[in-house]
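Summary of structural features
Now for the letters of each chain:
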Amino acid sequence: MDKTAVSPRDRIQELVSHFLLKARRAREADPSDVAGTKPLMFLAETLEIIGAPAAEWDRVADFPLERVLQHFPGVFYTPLLSALATHVSTEMCERIREHFVRHGELRALVSLLRLCYYRRPDSSEIRNVAEYCRKTMVSSSAPIWQELLEFSVEAEAGFVVRLHEEVQYEEESDSIPF
């Protein structure tokens, strides 16, 4: 096929496919980039410059969401997903929101909700993030507990305080000799 006959849409799809492949192989090219975030961040900047359609942004956002499901730490992809959130489709934005809630990414969730939904975290989101923090035993001195309290209303505040106290109790009763 003649290169001049290729449509701009096809060229964008080709570009996205190329960088997704690069992201999959990132560890081979750069051992410090185990999650393949560098090519994806470059791709996100490129897609913004060329004004890519939402379908291509969705393809890029789907990549880290699928990788997290394969036991890849989601923290690697939080900045990327945050950058993509304002460009993706409504359905993908909802998937990103669910990912942030499910993985206790409160700051990313708050940012996403402000930019895309023009709201603060609701009670179910606060509860789910607090449960995640309890389940993963986030330190009782971690700032996320205070942030959760700041975003919660009276009904959730008691729930958050109770989970925080459970974590504190576990930490205090932990008798690991050093």
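Nothing here was measured: the structure is a model prediction, and the numbers come from that model.

Tallied over the full model, the rule gives twelve salt bridges. Across the pair Glu-56 and Arg-59 runs a salt bridge whose closest N-O atoms are separated by 3.0 Å. Linking Glu-56 with Arg-59, this pair stays in helix α4 (residues 54–69), spanning three residues, or about one helical turn. On the accessibility criterion, Glu-56 (2% relative accessible area) is buried. Close ionic contact of Arg-107 with Glu-147 constitutes a salt bridge, the shortest N to O distance being 2.6 Å. With Arg-107 in helix α7 (residues 106–117) and Glu-147 in helix α9 (residues 143–151), the pair connects residues that are 40 residues apart, well separated along the chain. Several salt bridges share partner residues, and in doing so they unite Glu-94, Arg-97, Arg-119, Asp-122 and Glu-125 into one network.

When you line up the elements, Ser-32 lands in the loop between α2 (26–29) and α3 (37–50). Side-chain polar atoms of Ser-32 contact the side chain of Asp-30, separated by 2.7 Å.

As for its placement among the helices and strands, Arg-97 is situated in helix α6 (residues 90–102). In contact with Arg-97, other than residues within four places in its own chain, are Leu-109, Leu-112, Leu-113, Tyr-117, Arg-119 and Glu-125.

Although it is not a glycine, Tyr-118 adopts a positive phi angle of roughly 55°. Tracing the backbone shows Tyr-118 in the loop between α7 and α8 (123–135).

Tyr-77, Ile-96, Trp-145 and Leu-148 are the most contacted members of the largest nonpolar core, which totals 48 residues. With residues up to four places along the chain from it excluded, the contact list for Trp-145 reads Ala-130, Cys-133, Arg-134, Val-138, Ser-139, Ser-140, Val-160, Leu-163, His-164 and Val-167.

Counted at 1.5 Å a residue, the expected span for helix α10 (residues 154–173) with its 20 residues is 28 Å, and the 29 Å between its end C-alpha atoms agrees. For α10, every residue scored as buried is listed here: Glu-156, Phe-159, Val-160, Leu-163, His-164 and Val-167. Buried residues of α10, viewed axially, fall in a sector of 130°; they line one side. Those residues of α10 that are exposed and aimed more than 90 degrees away from the buried face are Glu-154, Ala-155, Tyr-169 and Glu-172. Against the buried residues of α10 lie α8 and α9.

On to a negative patch on the surface, then. Together, Glu-170, Glu-171, Glu-172 and Asp-174 give the surface a local cluster of negative charge. Its place among the elements puts Glu-171 in helix α10.

In total, this model carries one aromatic pair according to the counting rule given. Taken together, a centroid distance of 5.4 Å and an interplanar angle of 45° make the contact between Phe-19 and Phe-42 tilted. Here Phe-42 lies in helix α3 and Phe-19 lies in helix α1 (residues 8–24), a separation of 23 residues in the sequence. The ring of Tyr-117 carries the charged tip of Arg-119 above its face, separated from the ring centre by 5.6 Å. When the ring centre of Phe-159 is taken as reference, the NZ or CZ atom of Arg-127 above it lies at 4.4 Å.

So, about the environment of Val-153. With respect to the helices and strands, the residue Val-153 is situated in the loop between α9 and α10. In this structure, the C-alpha to C-alpha distance between Val-153 and Ser-123, residues 30 residues apart in sequence, is 7.8 Å.

This part is about the packing of α6 against α7. The contact between α6 and α7 brings their axes to 9 Å, and the two run at 155°. With respect to their mutual orientation, α6 and α7 come out roughly antiparallel. When you trace α6 past α7, the crossing you get is left-handed. Contacts between α6 and α7 involve Cys-93, Glu-94, Ile-96, Arg-97, Phe-100 and Val-101 on the former and, on the latter, Ala-108, Leu-109, Leu-112, Leu-113, Cys-116 and Tyr-117. Tallied by class, residues from the contact of α6 with α7 come to ten nonpolar, no polar and two charged.

What counts, and where the lines are drawn
Residues numbered from 1 in each chain as written. Predicted model: local features only at pLDDT ≥ 70, side-chain atom pairs only at ≥ 80, totals over all residues. Heavy atoms only, no water. Salt bridge = Lys/Arg side-chain N within 4 Å of Asp/Glu carboxyl O. Helix = DSSP H or I, 4+ residues; strand = E, 2+ residues; numbered from the N terminus. Buried < 20%, exposed > 50% of the residue type's maximum accessible area, 1.4 Å probe, protein only. Polar contact = N/O pair within 3.5 Å; in protein donor to acceptor, adjacent residues only side chain to side chain. Contact = heavy atoms within 4.5 Å. Core = buried A, V, L, I, M, F, W, Y, C linked by side-chain atoms within 4.5 Å. Expected span 1.5 Å × (residues − 1). Arc of directions from axis to C-beta. Patch = residues over 30% accessible without salt bridge, like charges linked within 9 Å, V, L, I, M, F, W, Y side chains within 5 Å. Areas by Shrake-Rupley, 256 points an atom, 1.4 Å probe, with all protein chains shown as cover. Lys, Arg positive; Asp, Glu negative; His and termini not counted. Charge placed at Lys NZ, Arg CZ, Asp CG, Glu CD. Phe/Tyr/Trp six-rings, centres within 6.5 Å; stacked < 30°, edge-to-face > 60°. Lys NZ or Arg CZ within 6 Å of the ring centre and 35° of its normal. Axes fitted to C-alpha atoms, helices over the stretch in contact; angles between N-to-C directions. Parallel < 35°, antiparallel > 145°, perpendicular 65-115°, else oblique. Left-handed = near helix turned anticlockwise from the far one by under 90°. Nonpolar A, V, L, I, M, F, W, Y, C, P; charged D, E, K, R; others polar.

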